[in-house]
Amino acid sequence: MDEHLPPDDLDTSIEVAATLLAGARHAVALAGAGMSKESGIPTFRGEGGLWTTNGEPPMNQFDGFAADPKRWWERRLAEGVGAFAASIDSAQPNHGHRALAELEAIGVLGHLITQNIDDLHRRAGQRSITEIHGNRHWMRCLRCGQRWPREEFIVDPEDLPPHCDVEGCGGIVKSDTVMFGEMIPPAALDRCERETALADCFLTVGTSAVVYPAAGYPVAAVRRGIPLIEVNPEPTALSQFASVVVRAPSGEALPALVAAVRARLEASRT
Ligand code: APR
């Protein structure tokens, strides 16, 4: 693991990143599992990640679901909530989530694309969000895209798989979380593309940037010559393209970044 840079380099990287953000009119961020590590939710890759430890799961989960949704649902109800899901259900937003929400509130962050399904950004106050891999606390119809809060959607174990009750639909309903091999809802992809096209500064936080299409948005921004800021304690696939890398945990880096941005905005007003 890339050790944290000496404090003066960390401070310098935060000053450079703050200058880029304070000068932006529509910054866009891509968040990954590293954002929620300090909330007790494990990452997938990198040091101590779930898959670093246990190996990757099959990448064709959705094929199995589509082949026999009834069976999938029977197994899901029988297995109950696993350890990873339980870590999500007990997690609280951390200082990093609150800092990103503050960047939106002060008019710097125009949109957040998150790969996380834990809802912690929204609970921290973020409003302009695309949950590109869905949200664990919601259910979704595969045919019409209708979504329901999980606790409001009654699943009848005698009538599986659950079906959509929208007039004339009747599609199969599953968790809103996007499975490997499942199509990401087109509206989510459209929003990510539109926001990335508007971006004049791009921030990646806590993502290894190896999963597409999510990782494609910072790449598209860099291709347009937009400055990229990376916040991650470890190097990633995009580090080489970043204008500045803040090598620190997001819960520590983001509050410092917001304070530095606020200082610049204040100074520019005097
Ligand atoms: N703060 C910020 N980043 C951190 C922290 C931290 N405290 N701790 C670890 N990280 C970084 C790791 O260095 C790593 O680069 O978070 C990143 C997590 O990478 P992944 O586990 O690959 O998570 P992510 O990039 O979100 O994965 C993308 O792949 O597994 C699928 O669908 C899943 O949404 C996920 C997608």
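Check the entry above for the structure.
This structure is a prediction, so every number in the text was calculated from the model and none was measured.

**Here's the deal with the nonpolar core**
Logical step 1: Counting residues in each nonpolar core, the largest one holds 31 residues, and the members touching the most others are Leu-21, Leu-103 and Leu-203.
Logical step 2: Of all elements in the fold, only helix 1 (7-22), strand 1 (27-31), helix 6 (95-105), strand 2 (109-114), strand 7 (201-205), strand 8 (228-231), strand 9 (244-246) and helix 10 (250-269) reach the threshold of two or more residues within this core.
Logical step 3: With 7 residues, helix 10 is the single largest residue contributor to this core.
Logical step 4: Those residues in contact with Leu-21, other than ones at most four positions away along the chain, are Ala-27, Leu-103, Val-108, Cys-201, Ile-229, Leu-257 and Val-261.
Logical step 5: By size, the runner-up hydrophobic cluster in this structure holds 21 residues, among which are Ala-188, Ala-214, Ile-226 and Ala-242.

**Considerations on unusual backbone geometry**
Logical step 1: A cis amide bond, omega -5°, links Leu-160 with the succeeding residue Pro-161.
Logical step 2: With respect to the helices, strands and loops of the structure, Pro-161 is situated in the loop between strand 5 (147-149) and strand 6 (173-175).
Logical step 3: Here the phi dihedral of Asp-119 falls at roughly 70°; this positive angle occurs in a residue that is not glycine.
Logical step 4: Mapped onto the secondary structure, Asp-119 falls in the loop between strand 2 and helix 7 (120-123).
Logical step 5: Since its relative accessible area comes to 8%, Asp-119 is described here as buried.
Logical step 6: The backbone of Ala-209 sits at a positive phi, close to 55°, despite the residue not being glycine.
Logical step 7: Among the secondary structure elements, Ala-209 is positioned in the loop between strand 7 and helix 9 (216-223).

**Regarding the site of the ligand**
Logical step 1: Taken together, 21 residues form the shell around the ligand, and within it Phe-44, Arg-45, Thr-207, Ser-208 and Asn-232 come nearest.
Logical step 2: The contact in question runs from an oxygen atom of the ligand to an N or O atom on the side chain of Ser-208, over 2.6 Å.
Logical step 3: A distance of 2.9 Å separates a nitrogen atom of the ligand from a polar atom in the backbone of Ser-250.
Logical step 4: A total of 730 Å² of accessible area belongs to the ligand in isolation, and the protein chains cover 94% of it.
Logical step 5: When its residues are assigned to classes, the shell around the ligand shows 7 nonpolar, 10 polar and 4 charged.

Rules used in this analysis
- Residues numbered from 1 in each chain as written.
- Predicted model: local features only at pLDDT ≥ 70, side-chain atom pairs only at ≥ 80, totals over all residues.
- Heavy atoms only, no water.
- Core = buried A, V, L, I, M, F, W, Y, C linked by side-chain atoms within 4.5 Å.
- Buried < 20%, exposed > 50% of the residue type's maximum accessible area, 1.4 Å probe, protein only.
- Helix = DSSP H or I, 4+ residues; strand = E, 2+ residues; numbered from the N terminus.
- Contact = heavy atoms within 4.5 Å.
- Near = heavy atom within 4 Å.
- Polar contact = N/O pair within 3.5 Å; in protein donor to acceptor, adjacent residues only side chain to side chain.
- Areas by Shrake-Rupley, 256 points an atom, 1.4 Å probe, with all protein chains shown as cover.
- Nonpolar A, V, L, I, M, F, W, Y, C, P; charged D, E, K, R; others polar.

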